[in-house]
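Residue-level listing of the chains:
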Amino acid sequence: MYYQEIARNFTNTNTIMIDTIILSLPKGAYKILSPDDFKPSFEPINDWDEEQVSEFQRVHKGGKEYNHLLDLSSRQRGKVYPNLTIFEYYKKHKADYFCELKITFSCPKLLRGQSFTEVKNKDFPRIIKTLTSRLKDIEVIISPSTLRTATVTRVDYCKNMEYSSMAHARAFLDRLRRCSFPKMENDLTRYANSGRAVRFHSDLFETIFYLKYYDLLEPLKRSVDRRRTPQEIAKAKYLQKTKEIPPVVRMETRFIGKTSVNSHLDSALGITKGNWTFQEIFKEAYSSKVRKYYWNKIISDPRNYAILTHPSDEDVCRKVLEEFKIRRPKGIFEGLGLFYVLKTLGVPEMKTIFTEQWNQDTWFAKRNVIAEFATNYIKPETAFIDRLSNG
């Protein structure tokens, strides 16, 4: 069953996938040798000079951004470099001056030029060494120890899951798109890329499931991965030509912003920190716990659970008919009908219809009817959920 395939891939704890990560470094932790490689040219003020501070406040409203311009030929050759942005700002009410360097990169792409292969704990020294070298190539000097202890302001935990067929992968996404995420039901779930991605999101957090290889064939504006490499595109096009695209679903859980990183890891790991450093966050055990924590957020909802694990329609109807001897048909048929509306439309659309045509209290009442029906009559196929929870 494809449920067991999902479990096998979700429960593999021997690998970690941190894809996109952003490291933040304060003034003094980095050295820029070629300021003209930034746009505009990197010319920070002297924050001890009141005249410069006043002019900075007047012209730039207390904030200025410098973006590094990487030579296009480097990208075309497939050598992956980090994206660099410097944020210079002065908080007048506190008389605080900051000049922070943000380093954005993908761990697997930095190492291998692609994110098909996952990285492990043992890869961390190589990532630090490669990142230090690539930064030096573009004349930005940062010590390895500084990179290891840099503050993380964004992290994407990811996992590539392969199925026995594309039909199974699509079936999983098709069921998942009808689910909801706690507190993110109204217009926060969208099905994109021609039925190849499911996204649960808010401003500072999102969990995405999508077909990894097909995403690379999408136009850039429609794709989930906006930083694909030449190696990845070439591989996807070759597999498309040979009709051998692997049925791989990728799960990404993204924490965007320092506050989001701290609060979500506090929830998922039970660890409270004012700052997470790169070396602290790069752990296989953390990756597994975070992934399972947010997956369980989805399946802990009984309506989502029913959508993802329901047996065949024939089995449900036979079970219902068996109960006619001891239960009233009217209540059973109401639950049966509501369950299949939920199965067909999904939680977000069904909730919208009920609240618009009636009210929220009606939705809550019918939601309880569905949950009770699922508990009494739907014998779930739980192999993949049990293995995920216990893996």
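Residues numbered from 1 in each chain as written. Predicted model: local features only at pLDDT ≥ 70, side-chain atom pairs only at ≥ 80, totals over all residues. Heavy atoms only, no water.

Our next topic: the layout of surface pockets. Of the volumes computed, that of the largest pocket is approximately 620 Å³. Of all the elements in the fold, those that place two or more residues in the lining of the largest pocket are strand S1 (18-25), strand S6 (96-106), strand S8 (151-162), strand S9 (189-192), helix H9 (230-241) and strand S12 (248-256). A class-by-class count of the residues in the lining of the largest pocket yields 10 nonpolar, 7 polar and 16 charged. (1 Å grid on protein atoms, 1.4 Å probe; cavity = no way out; pocket = protein on both sides within 12 Å on 5 of 7 lines; lining within 4 Å. Points joined across faces, edges and corners; volume = space filled by probe spheres on them. Helix = DSSP H or I, 4+ residues; strand = E, 2+ residues; numbered from the N terminus. Nonpolar A, V, L, I, M, F, W, Y, C, P; charged D, E, K, R; others polar.)

Okay, the packing of helix H12 (residues 284-299) against helix H13 (residues 302-309) next. The N-to-C vectors of H12 and H13 enclose an angle of 95°; their axes lie 6 Å apart at closest approach. In terms of orientation, H12 and H13 fall into the roughly perpendicular class. Together, Trp 295, Ile 298 and Ile 299 of H12 and Asn 304, Tyr 305 and Leu 308 of H13 make up the contact between the two elements. Classifying every residue of the contact of H12 with H13 gives 5 nonpolar, 1 polar and no charged. (Axes fitted to C-alpha atoms, helices over the stretch in contact; angles between N-to-C directions. Parallel < 35°, antiparallel > 145°, perpendicular 65-115°, else oblique. Contact = heavy atoms within 4.5 Å.)

This brings us to the side chain of Thr 207. For Thr 207, the location among the structural elements is in strand S11 (residues 205-211). Residue Thr 207 is classed as buried on the basis of its relative accessible area of 0%. Residues contacting Thr 207, with those up to four places away along its chain left out, are Val 198, Arg 199, Phe 200, Met 251, Glu 252, Thr 253 and Tyr 294. (Buried < 20%, exposed > 50% of the residue type's maximum accessible area, 1.4 Å probe, protein only.)

Here the protein chain averages 83 in pLDDT, and 84% of its residues register 70 or above. No element of the protein chain has a lower mean pLDDT than helix H18 (residues 383-390), at 45, and none a higher one than helix H6 (residues 144-148), at 98. Note that residues 185-191 has pLDDT below 50 and, in this model, 25 contacts with residues that lie over four places away or in other chains. Of the regions scoring below 50 in pLDDT, residues 383-391 engages in 23 contacts with residues more than four places distant in sequence or in other chains. (pLDDT = per-residue confidence, 0-100.)

Attention now moves to the pattern of salt bridges. Scanning the entire structure with this criterion turns up 21 salt bridges. Linked by salt bridges that have partners in common, Asp 19, Arg 154, Asp 156, Arg 199, Glu 206, Arg 250, Glu 252 and Arg 254 make up one network. (Salt bridge = Lys/Arg side-chain N within 4 Å of Asp/Glu carboxyl O.)

All right, on to unusual backbone geometry then. A cis amide bond links Lys 39 with the next residue in sequence, Pro 40, at an omega value of -10°. As for its placement among the helices and strands, Pro 40 is situated in the loop between strand S3 (38-39) and helix H2 (50-60). Here the phi dihedral of Lys 61 falls at roughly 55°; this positive angle occurs in a residue that is not glycine. On the secondary structure map, Lys 61 appears in the loop between H2 and strand S4 (63-68). You will see that Glu 139, though not glycine, has its phi angle at about 60°, which is positive. Assignment of secondary structure puts Glu 139 in the loop between helix H5 (124-137) and strand S7 (140-141). Look at Glu 139 and you get partly exposed, because its relative accessible area is 34%.

Bringing the side chain of Asp 225 into the picture now. Residue placement: Asp 225 occurs in the loop between helix H8 (212-215) and H9. On the accessibility criterion, Asp 225 (8% relative accessible area) is buried. Leave out the neighbours within four places in its chain, and Asp 225 touches Lys 109, Tyr 210, Lys 212, Asp 215, Leu 220 and Glu 232.

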